[in-house]
Amino acid sequence: MSETRSTCPYCGVGCGVVIEHDGQQITGVRGDPEHPANFGRLCTKGTNLHLTASPVVLQHQRLREPFKRATRGAAPQALTWDDANREIADRLLAIRATHGPEAIGLYISGQLLTEDYHAFNKLARAVIGTPHIDSNSRLCMSSAVVGYKQSLGADAPPCSYEDIEQADCVLVSGANPAWAHPILFRRLEAARAQRPGHKLIVIDPRRTETAELADLHLQIRPGTDVALCHGLLHAMIRRSWTAPSFIEAHTEGFDALKTLVHDWIPARAAQVCGVPESDIWRAAEWFATSPASLSLYCQGLNQSSSGTAKNTALINLHLATGQIGRAGAGPFSLTGQPNAMGGRESGGMATLLPGHRDPARAGDWAEIARLWGVDAADLPGHRGHTAVEMFEAAARGEIKALWIACTNPAQSMPDQALVRAALERCELVILQEAFAHTATARYADYLLPAATWGEKEGTVTNSERRISRVRAAVPPAGQSRADWRIVRDIALRIDAGLGRAPRLAAQTAEALWLEHREATRGRDLDITGLSWATLDRDGPQQWPYVDGATSRLYTSGRFATDTGRARFIARPYQPPAEDTTAQHPFSLTTSRLRDQWHGMSRSGSVPRLFAHQGRPQVRLHPDDAARRELAEGALVQVRSARGELVLPLQLDQNVATACADIPMHWGEEFIGAQRGVNAVTQGAFCPDSKQPELKFSAVAIEPADLP
Ligand code: SF4
């Protein structure tokens, strides 16, 4: 038996794992005691990870060879890699020649490794020449990216996991780490036991397991986070709990924000948010006056039509109180996916370029052209469609070909009716996937089998900017190949078809990583002092890494803005994009379960992970159910302006009245002919981050009228 160190492929905590195997079959997995994210611990998903690579899963659930469909709706037929690569390259070239490069879109994933991201980025922008590349990370953390950039000048989460142990007050906002980031929650629990007087404040419309642990739970009305932050800041200013010397020395824009929050007296904020005024005063005092205050936040802030404003409103609290740049203090956005951060670094998104460059700047495109050895005129030179925009463009017929990798938009994107119409309208849909039975696979003209966890080499970056190696322990299942290699082989054919030298020719994951590393030189995320050998010898490292790792940013009080000063962002409170009405009286949120991951293509193959919750349900407060004479377990219809679905009802005191909650994980494979929760969610998005509002949709809930 052998052991191979790697990284868990599920969440953004990025725990180290030791894979036990015989060179052909993975037989077990345990936590890596030397990995600084988890020190040997694993959550339920991680503990059962090896079961997702069982012989049954490898044979029956993995996509093992390339397939094509002669026509839509036909049964897929196997073909060789050579034929698949040639045909796909020819069809992309034909669409490019007829409609131009911008008729091709690429929709990729935070599950991909940094090297895969880099390969896709070059394929899109340098080989095909389209700006339309975006990632499903758009759905989970793009508001955090823009929030950091607006407030602090760079997309650089300033904190580290060790800050959880060093904080005296932790404010968790729009996150449930007990279920979504379990190992960080264990660290938080342990820290509370070690620090007498520790304060935990949780802001969440739901009473989650994280909220159960809190000293103070602010159970706000959905979507009112900005109003609450403004009320908290008003209280801090009124009671002189702010840090004037920090504001004076290290920030700008405080006067405008002070004017904005002048009218947000805690009584008003309490009324808007639906929480006791006294709790706002208490939270403000704890956060501002604790020696070190840390905030942890995730989708509850990000997945909103005012997601960026929610992020910056929270960062305002840190800047006003000087709770940043010190041990245990700072705004710490948690990433959902294992390599959402790597996607940000490598710029594999419509609004980013490699090395935290900006597609709105011509000079940044010129630098990328030099780094990639291509003529700047060959690159698109502008930002492309973000996730929702890309599917809208495909539905209008502007995008003719979609190349989708490692994600399942026919389940995970909001407003499924539009997304599926877009997939149907495309002339060409290529799906690059490890798993055979996703909802998106039905729309694919070509299915390309991708290697996955335990079978491929590369790197990922977790929430604390820590780069970890992902290593192959066993050969890829069937004929599946590393994602970057699939991309490279088709890129070579496209370049040959255009009669030019290869623009993506790397032979190894390390070679791709070295190209990515060079793009960070002189940037805030500079890792030019880090080598593949150092990662292998010394283990995971945080960026920036020039002369050695830096664990905490902005310790000098100088920020990444042009002036070196952090910016207070004064944005008024805006309610969600749609409001509840008499016709649609409930605000619906999507949520994550403790033991499942995304659309379940991996976690759904492990029966024991259904022990925690075995079926999809809509959760409702018992008072709301009683008013409608709905009983526990009854089938109810959940209906919005966009669609409907039928689910069993679960009564739950922890859901606020007039609210409803449906887990994001189930799709049609699990609910018959349904489309999962995204049948009813909305595509409205934040104007700054383009992140859709998955945490608020107005719905009706009524007895199901079944035949
Ligand atoms: Fe994997 Fe996240 Fe669990 Fe760690 S906390 S074992 S990274 S799922």
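The model shown is predicted, which means the values in this text are computed figures rather than measured ones.

**Q** Any chance you could break down the nonpolar core for me, citing the residues and the numbers?
**A** Counting residues in each nonpolar core, the largest one holds 178 residues, and the members touching the most others are Phe120, Val170 and Leu232. Once residues within four sequence positions are removed from consideration, Leu232 is found in contact with Ile280, Ala283, Ala284 and Leu317. The next biggest cluster of nonpolar side chains, apart from the first, holds 22 residues, and it includes Val638, Ala656, Ala660 and Ala679.

**Q** Give me the sheet that holds strand S17 (residues 458–461): which residues, what numbers.
**A** Taken in spatial order, the three strands line up as S17-S18-S19 in an open sheet, and their pairing is antiparallel. Because the sheet does not close on itself, it has two edges, and the strands there are S17 and strand S19 (541–542). Pairing of S17 with strand S18 (residues 466–470) involves four bridges; the strand directions are antiparallel. If you follow Val460 over to S18, its bridge partner there is Ser468.

**Q** Before we move on, could you go through the site of the ligand and cite the residues and values that matter?
**A** For the ligand, the set of nearby residues contains 14 residues, the closest of which are Cys8, Cys11, Cys15, Cys43 and Gly46. Counting only elements with at least two residues in the shell around the ligand, the list comes to helix H1 (44–47) and helix H8 (182–194). Tallied by class, residues from the shell around the ligand come to nine nonpolar, four polar and one charged.

**Q** Describe the UniProt feature "domain: 4Fe-4S Mo/W bis-MGD-type" (unreviewed entry) in the chain, and please don't skip the residues or the numbers.
**A** On the UniProt side, "domain: 4Fe-4S Mo/W bis-MGD-type" (unreviewed entry) is annotated at positions that read residues 1–57 here. Here residues 1–57 runs as 12% helix and 32% strand, with 21 Å between its end C-alpha atoms.

**Q** Account for unusual backbone geometry, with residues named and values stated.
**A** Cis geometry marks the peptide bond from Trp543 to Pro544; its omega dihedral reads 0°. Positive phi, close to 65°, is recorded for Arg465, a residue that is not glycine. Assignment of secondary structure puts Arg465 in the loop between S17 and S18. Take Arg465: there are 25 C-beta atoms within 10 Å of it, and that puts it in the buried class.

**Q** If you had to explain the packing of helix H13 (residues 266–273) against helix H14 (residues 277–289) to someone new, which residues and values would you point to?
**A** Pairs of packed helices are described in terms of their axes, by the angle between the two and the distance that separates them. In the contact formed by H13 and H14, the axes pass within 8 Å of each other and the chain directions differ by 115°. Taken together, H13 and H14 sit at an angle that is classed as roughly perpendicular. Crossing of H13 against H14: the hand is right-handed. Here Pro266, Ala267, Ala269 and Ala270 of H13 come into contact with H14, specifically with Glu277, Ile280 and Trp281. Residue composition of the contact of H13 with H14, grouped by class: six nonpolar, no polar and one charged.

**Q** Summarise H8; cite the residues concerned and give the values.
**A** Compared with an ideal rise of 1.5 Å per residue, which puts 13 residues at 18 Å, H8 spans 19 Å between its outermost C-alpha atoms and is within 8% of the ideal. The complete set of buried residues in H8 reads Pro182, Ile183, Leu184, Phe185, Arg187, Leu188 and Ala191. Where H8 is buried, its residues meet helix H6 (162–166), strand S8 (169–173), helix H7 (177–180) and helix H9 (209–213).

**Q** Give me the domain arrangement of the chain: which residues, what numbers.
**A** Assigned domains within the chain: domain 1 (2–60), domain 2 (67–139 + 338–516), domain 3 (142–334) and domain 4 (586–703). If you average the C-alpha positions of domain 2 and of domain 3, the two centres end up 36 Å apart. Taken together, the contact between domain 2 and domain 3 spans seven residues of the former and nine residues of the latter. When grouped by side-chain class, the residues that make up the side of domain 2 that touches domain 3 number no nonpolar, three polar and four charged.

**Q** Please set out the pairing of strand S15 (residues 428–433) residue by residue, giving values where relevant.
**A** Every regular strand shows the same layout, with side chains that alternate between the two sheet faces. By the criterion of burial, S15 is predominantly enclosed, with five of the six residues buried. Bridge count for strand S14 (residues 401–405) against S15 is five bridges, and the pairing is parallel. Note on S15: the bridge partner recorded for Leu402 is Val429. Across four bridges, S15 lies against strand S16 (residues 446–449) in parallel orientation. The residue bridging Gln432 from the neighbouring strand is Leu448, located in S16.

About the criteria used
Residues numbered from 1 in each chain as written. Predicted model: local features only at pLDDT ≥ 70, side-chain atom pairs only at ≥ 80, totals over all residues. Core = buried A, V, L, I, M, F, W, Y, C linked by C-beta atoms within 7 Å. Buried ≥ 20, exposed ≤ 12 C-beta atoms within 10 Å, placed from the backbone. Contact = placed C-beta atoms within 7 Å. Pairing = 2+ DSSP bridges. Helix = DSSP H or I, 4+ residues; strand = E, 2+ residues; numbered from the N terminus. Near = placed C-beta within 6 Å. Nonpolar A, V, L, I, M, F, W, Y, C, P; charged D, E, K, R; others polar. UniProt positions renumbered as here; feature names shortened; annotations may be inferred. Axes fitted to C-alpha atoms, helices over the stretch in contact; angles between N-to-C directions. Parallel < 35°, antiparallel > 145°, perpendicular 65-115°, else oblique. Left-handed = near helix turned anticlockwise from the far one by under 90°. Expected span 1.5 Å × (residues − 1). Domains from an automatic or database assignment.

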